[in-house]
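Per-entry structural report
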Amino acid sequence: MINKKIKETIPAFNFIPQESVVDYIRSHGIELKDQRCYICGREITLDNIGVIFDDGEHILFVCNECLQKHNIFTLYKKFLKQMKR
């Protein structure tokens with residue numbers, strides 16, 4: 001509970017090089033099948049992953065087009081609000 005409150009106040013960002021995305025996804029047991037961008041609904045593939053938000057309980061994706069259109073901190077705030085529902 002305390003770690004979740006800290007993440008709401010001070011988000012931790014890990015930047016993963018494009019060539020390491022597959023390893024990251026596999027190491028976290030993430031399946032891309034049927035994953036969609038939580039902003040626009042576009043299907044997520046290895047070629048269009050912009051951001052992966054993970055709060056330890058939930059994982060949401062943002063495609064690279066939406067990442068270019070939106071501020072990452074605004075996206076993170078939306079992610080936290082959506083997970084509180």
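In short, a report on the structure.

Reading guide: rules and limits
- Residues numbered from 1 in each chain as written.
- Predicted model: local features only at pLDDT ≥ 70, side-chain atom pairs only at ≥ 80, totals over all residues.
- Heavy atoms only, no water.
- Core = buried A, V, L, I, M, F, W, Y, C linked by side-chain atoms within 4.5 Å.
- Buried < 20%, exposed > 50% of the residue type's maximum accessible area, 1.4 Å probe, protein only.
- Helix = DSSP H or I, 4+ residues; strand = E, 2+ residues; numbered from the N terminus.
- Contact = heavy atoms within 4.5 Å.
- Phe/Tyr/Trp six-rings, centres within 6.5 Å; stacked < 30°, edge-to-face > 60°.

**Side note on the nonpolar core**
- Tyr38, Ile44, Ile49, Phe53, Val62 and Phe79 are the most contacted members of the largest nonpolar core, which has 21 residues in total.
- Mapped onto this core, the elements with two or more residues apiece are helix H2 (21–27), strand E1 (49–54), strand E2 (59–63) and helix H4 (72–84).
- The residues contacting phenylalanine 79, other than those within four sequence positions of it, are Tyr38, Phe53, Asp54, Asp55, His58 and Leu60.

**Observations concerning the packing of aromatic side chains**
- Going through the model one piece at a time under the given rule, you end up with 4 aromatic pairs.
- A centroid spacing of 5.7 Å and a plane angle of 50° characterise the contact between phenylalanine 53 and tyrosine 76, whose relative ring orientation is tilted. Taken together, the residues span a long stretch of sequence, with phenylalanine 53 in strand E1 and tyrosine 76 in helix H4 at a distance of 23 residues.
- Taking relative accessible area as the criterion, phenylalanine 53 reaches 4% and is therefore assigned buried.
- Residue tyrosine 76 is classed as buried on the basis of its relative accessible area, which comes to 10%.
- Ring geometry for tyrosine 76 and phenylalanine 79: centres 6.1 Å apart, planes at 40°, overall tilted. One end of the pair is tyrosine 76 and the other is phenylalanine 79, both in helix H4 and 3 residues apart, which spans about a single turn. Of the two residues, tyrosine 76 and phenylalanine 79, both sit in the buried class.
- Taken together, the ring pairs in this structure connect Tyr38, Phe53, Tyr76 and Phe79 into an aromatic cluster.

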